[in-house]
Amino acid sequence: MEHLFSIAERDELWFGGVLIESRASHGQALCRGTEIDAADVGDPQLIERAEARMTAMRALAREMSDARVRLVASARRVNDYEREEATMSVTVGGISIVTTPELFSRPSPRAGGATPSEALPILWHNGSAAVLLHEAAGHAAEHGHFSSQWPKWLSITDEPDFEIDDTGVPTRAVDLTTHAPECWRRASFRDVPIPRMTRLIARQHDAPWSLPDHRVDVHFVAGGAYEPLTEMVTLSISAADLVHGEEVVSLAPFQLRVARERVARAIVGASGEPLRYPGVVCSREGQEVVVGSFAPLMITTELV
Amino acid sequence: MTEVYRKRGRVVRYEHGHVIRSIESGEAFDDGHLFRCGPSVMTPLPEFRSEGGEVVARIASMIAPPLEIERLIVTEGIAEHECGDIRWTEETNRIHLAVKHRGMRVIVDLADFDLEEVRGAIGALYRAANERPAPERVRLAPNVSAALLPSLAGTDVVELWQSAAEHDGKGLPVIEQRLIASPWPNWFRPSYRTRPVRMPLHLRAAASGDNINYGAPEAVALLAPVAGNVLHVLCIDGDVVFPTTIAVERVLAVGPAKRWYPYGAGSFGAEMLV
């Protein structure tokens, strides 16, 4: 199927409230079947739309004197359908968030903390379970790795928040426990479109809820990976607490490495509506795209 | 003073069953504080005859079930660079191949279209048995040693040299010299969109000995990207092929540099005894 994809993007890096790198990019790709002719042709309308999204983000970046801030705004058109994206990746004291100007709240740096010495149940705050599920369900689904072990009360879906994907095809929600993502996305005009997650939403439906007295509370995740060969999930936890009754001790960053099937079996409880985790920048095949991430407060048994 | 860099290029890339023909030109300005870049209007470079499609077909014909291509990217490009008063041209070919079999993945990165090492890696993967401890001595094939060298810069594992070349990322001559510690003498700029960084270019290893022990097991292919001085490789010992993990702490002998590989800012592969 033939389609014309056009994009304009502005990508800036701010450090300590000062702009240090600014990149403009624009171009179009004429796609016929498996052949793509790409050129850096500028579309004034898309360039203007992308640049307009930068103003509010720059104002926020300028005020953050202790942060590293990356701002990316883009406007794209596939045939006649246009949409925009604007994201801010903010790092303060080792804590990174991906957000938008509308939802921006400043991350709080944390003190060093203790090293976890034992495997404990985990309470996933702040929608952070969505990152675990992004790896264990979403990326696994991209490789046809599905599990029958997910709790019956849990749904994990990819729900695009735009109507037409980057190949001109209407988007639709898919159940990531049984289907691979279906939305084709590309990072730029020079990239091959590939099926990617867009917005992962985990929901609980009458889930059990029993909060362990002795546990780890996870607040922020610095990154994650799924290795399709071994079906192992790796998460780098950047902010967590060790909780023992009333006692709360800040933990040093640590890594979890666990089999995909083990993740599915480990989910034992959840509560409330899906919470928006502040962002996942997902890198696959060298293409970075932002994936929305929502999950309720969730409990897993120890993940080892 | 603001440094101005301009580049125009044409690339043909074969990736995931697609062929992408891309034409771009751009410029970058760096005043030491702020780096700015963006597309610029320049006359496109002329089309070139692409052989990437044939290369993809040749590689695909080498790989049959139960082996499976996980990733195959073949790229050909030409580019013209301008930095201040210096102008230069380069042509590039690249292959990135990942093949999987029985829970293992061999990774091959090449800067030309000679596929002999692809054939060797695939043959070893097909015959691979279970993981074994690292042998006491291992002979690294050139494609494996080349991948290792960039992460050895600044260490005392082996004597490293930067090889001379006409231009670095700022158009300056690449100086032939022994590399001890950063700051490295030359600049690496893989794209006009990337701020140039000091990096060791065109690395090669040297050792007091060149007496390669050909009786030692040979590491012929990478099973994972190099992590520091740690290699996860496929090793051949006689008739047996096995995966193993080697922490390279000392290089005992280095053979002559044979082939340039696209690791880091470039490195020359040579047989190495570790």
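Note that the structure is predicted; figures quoted are calculated from it, not measured. (Residues numbered from 1 in each chain as written. Chains lettered and ligands numbered in written order. Predicted model: local features only at pLDDT ≥ 70, side-chain atom pairs only at ≥ 80, totals over all residues. Heavy atoms only, no water.)

Caption draft 1: A look at the domain arrangement of chain A. Residues and elements named next belong to chain A. By domain assignment, chain A separates into domain 1 (2-99) and domain 2 (122-300). Between domain 1 and domain 2, the C-alpha centre-to-centre distance is 24 Å. Between domain 1 and domain 2, the residue contacts involve 28 residues of the former and 26 residues of the latter. Carbon and sulfur atoms make up 59% of the surface buried where domain 1 meets domain 2, a total of about 1900 Å² over both sides. The interface formed by domain 1 and domain 2 contains four salt bridges. Across the pair Arg-185 and Glu-85 runs a salt bridge, and its minimum N-O distance is 3.5 Å. Applying the counting rule to domain 1 against domain 2 returns nine residue pairs in polar contact (both at pLDDT 80 or more). (Domains from an automatic or database assignment. Contact = heavy atoms within 4.5 Å. Buried area = accessible area lost by both parts, 1.4 Å probe. Salt bridge = Lys/Arg side-chain N within 4 Å of Asp/Glu carboxyl O. Polar contact = N/O pair within 3.5 Å; in protein donor to acceptor, adjacent residues only side chain to side chain.)

Caption draft 2: Fine view of the interface of chain B and chain A. With 28 residues of chain B at the contact, the number on the chain A side is 24 residues. Here chain B and chain A share an interface that buries about 2400 Å² over both sides, 47% of which is from carbon and sulfur atoms. The tally of links from chain B across to chain A stands at six salt bridges. Between Arg-195 of chain B and Glu-21 of chain A there is a salt bridge whose closest N-O contact spans 3.8 Å. The interface formed by chain B and chain A includes 20 residue pairs in polar contact (both at pLDDT 80 or more). Secondary structure elements with two or more residues in the side of chain B that touches chain A: β1 (3-15), β2 (18-30), β3 (35-39), β4 (68-83) and β6 (104-110) of chain B. The element contributing the most residues to the side of chain B that touches chain A is β2 of chain B, with eight residues. As paired strands, strand β3 (residues 35-39) of chain A and β2 of chain B are joined by five bridges and run parallel to one another. (Helix = DSSP H or I, 4+ residues; strand = E, 2+ residues; numbered from the N terminus. Pairing = 2+ DSSP bridges.)

Caption draft 3: Seen up close, helix α1 (residues 52-62) of chain B. Residues and elements named next belong to chain B. Looking only at α1, the buried set comprises Gly-52, Val-55, Ile-59 and Met-62. All buried residues of α1 project into a common sector of 80° when viewed along the axis, lining one side. Along its buried surface, α1 packs onto β1, β4, β5 (86-101) and α2 (116-127). (Buried < 20%, exposed > 50% of the residue type's maximum accessible area, 1.4 Å probe, protein only. Arc of directions from axis to C-beta.)

Caption draft 4: How the structure looks around the pattern of salt bridges. Residues and elements named next belong to chain A. Counted by the stated rule, this structure contains 44 salt bridges over all chains. The residue Glu-82 makes a salt bridge to Arg-49 at a minimum N-O spacing of 2.2 Å. With Glu-82 in strand β5 (residues 81-92) and Arg-49 in helix α1 (residues 44-63), the pair connects residues that are 33 residues apart, well separated along the chain. We classify Glu-82 as partly exposed; its relative accessible area is 21%. Its relative accessible area of 25% is what places Arg-49 among the partly exposed residues. A salt bridge links Arg-49 to Glu-84, with the nearest nitrogen and oxygen atoms 2.5 Å apart. With Arg-49 in helix α1 and Glu-84 in strand β5, this residue pair connects regions lying 35 residues apart in the sequence. Among the charged side chains, a salt-bridge network with shared partners connects Asp-43, Arg-49, Arg-53, Arg-77, Glu-82 and Glu-84.

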